[in-house]
Amino acid sequence: MIDPLNDKNPLQIPEIRARVSRLVSLEDAISCVRVSKAWSKDFALPIWCVVDFGIHDTFKDLDSDIVTKHGHHIRTIKNLTTQSQLDA
C-alpha cells in the first residue's frame, strides 16, 4: 500500500485527488478512471454527473451493466429527444 506521507505524488492523497477530479475535462477524467480502482472512485463522478445526448449520443448504446454500476452518479440529463435515449 502507498504511504501518502512518503510518496511525493500529491495525486496519491485521496482528498487532493477528489478535488482535482472536479477540475479536469471529460476526456481527462476518462483517462484517470483507467489508472486504478482508487482513481476510478474519484474520477467517475465527473464522467457520469451530466449525460448530454447532444454531445454523447452513444450513451444509449452502453451495456446496461455499466449504466447500472455508475448510474447513481447521474444528476442531469440534457438533450433527451427520443424514446430510445430515455430507455437507456
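Keep in mind that what you see is a predicted model, and the values were worked out from it rather than measured.

Rules and cut-offs
Residues numbered from 1 in each chain as written. Predicted model: local features only at pLDDT ≥ 70, side-chain atom pairs only at ≥ 80, totals over all residues. Heavy atoms only, no water. Helix = DSSP H or I, 4+ residues; strand = E, 2+ residues; numbered from the N terminus. Buried < 20%, exposed > 50% of the residue type's maximum accessible area, 1.4 Å probe, protein only. Contact = heavy atoms within 4.5 Å. Areas by Shrake-Rupley, 256 points an atom, 1.4 Å probe, with all protein chains shown as cover. Core = buried A, V, L, I, M, F, W, Y, C linked by side-chain atoms within 4.5 Å. Axes fitted to C-alpha atoms, helices over the stretch in contact; angles between N-to-C directions. Parallel < 35°, antiparallel > 145°, perpendicular 65-115°, else oblique. Left-handed = near helix turned anticlockwise from the far one by under 90°. Nonpolar A, V, L, I, M, F, W, Y, C, P; charged D, E, K, R; others polar. 1 Å grid on protein atoms, 1.4 Å probe; cavity = no way out; pocket = protein on both sides within 12 Å on 5 of 7 lines; lining within 4 Å. Points joined across faces, edges and corners; volume = space filled by probe spheres on them. Polar contact = N/O pair within 3.5 Å; in protein donor to acceptor, adjacent residues only side chain to side chain.

A.B. asks: Explain the overall build of the protein chain here, please?
C.D. replies: The secondary structure content of the protein chain amounts to five helices and two strands. Beginning at the N terminus, the succession of helices and strands in the protein chain can be written as α-α-α-β-α-β-α. Here the protein chain holds 88 residues, and 20% of them are scored as buried. A separation of at least 24 residues holds for 50% of the contacts in the protein chain among residues at least 6 apart in sequence. As displayed, the protein chain offers around 6500 Å² of accessible surface, 56% of which is attributable to carbon and sulfur atoms.

A.B. asks: What is the right way to look at the nonpolar core in this model?
C.D. replies: If you look at soluble globular proteins, the nonpolar side chains tend to sit buried side by side. Ala 29, Cys 32, Trp 39, Phe 43, Ile 47, Trp 48, Val 51, Phe 53, Phe 59 and Val 67 form the largest nonpolar core, which has 10 residues in total. Put simply, the parts of the chain that give this core at least two residues each are helix H2 (26-33) and helix H3 (37-48). When residues in this core are grouped by element, the largest group, four residues, is from H3. Contacts of Phe 43, omitting those with residues within four sequence positions, involve Arg 17, Val 20, Ser 21, Val 24, Ala 29, Cys 32 and Val 33.

A.B. asks: I'm lost on the packing of helix H1 (residues 14-21) against H3 in this one. Help?
C.D. replies: A packed helix pair is summarised by two numbers, namely the angle formed by the two axes and the spacing between the axes. H3 packs onto H1 with a crossing angle of 25° between their chain directions and a minimal axis gap of 8 Å. One way to sum up the angle between H1 and H3 is to call them roughly parallel. Helix-helix and strand crossings are classified by hand; for H1 and H3 the assignment is right-handed. Here Pro 14, Arg 17, Ala 18, Val 20 and Ser 21 of H1 come into contact with H3, specifically with Ala 38, Trp 39, Asp 42, Phe 43 and Pro 46. Residue classes in the contact of H1 with H3 are distributed as seven nonpolar, one polar and two charged.

A.B. asks: Is there a simple way to think about the layout of surface pockets in this case?
C.D. replies: In this structure, the largest pocket occupies an estimated 640 Å³ of space. Surrounding the largest pocket, 25 residues form its lining, Leu 26, Ile 30, Ala 44, Ile 47 and Trp 48 being those nearest its centre. At the level of elements, H2, H3, strand S1 (50-52) and helix H4 (64-70) are the ones that each hand at least two residues to the lining of the largest pocket. If you tally residues by element for the lining of the largest pocket, the top one is H3, at seven residues. When the residues that make up the lining of the largest pocket are grouped by side-chain class, the tally is 13 nonpolar, six polar and six charged.

A.B. asks: It is not clear to me how the side chain of Ser 21 should be interpreted in this structure. Could you clarify?
C.D. replies: Mapped onto the elements of the fold, Ser 21 is located in helix H1. Exposure remark for Ser 21: the relative accessible area of 4% places this residue in the buried category. Within polar-contact distance, the side chain of Ser 21 engages the backbone oxygen of Ala 18 at 2.6 Å. The residues contacting Ser 21, other than those within four sequence positions of it, are Asp 42, Phe 43 and Pro 46.

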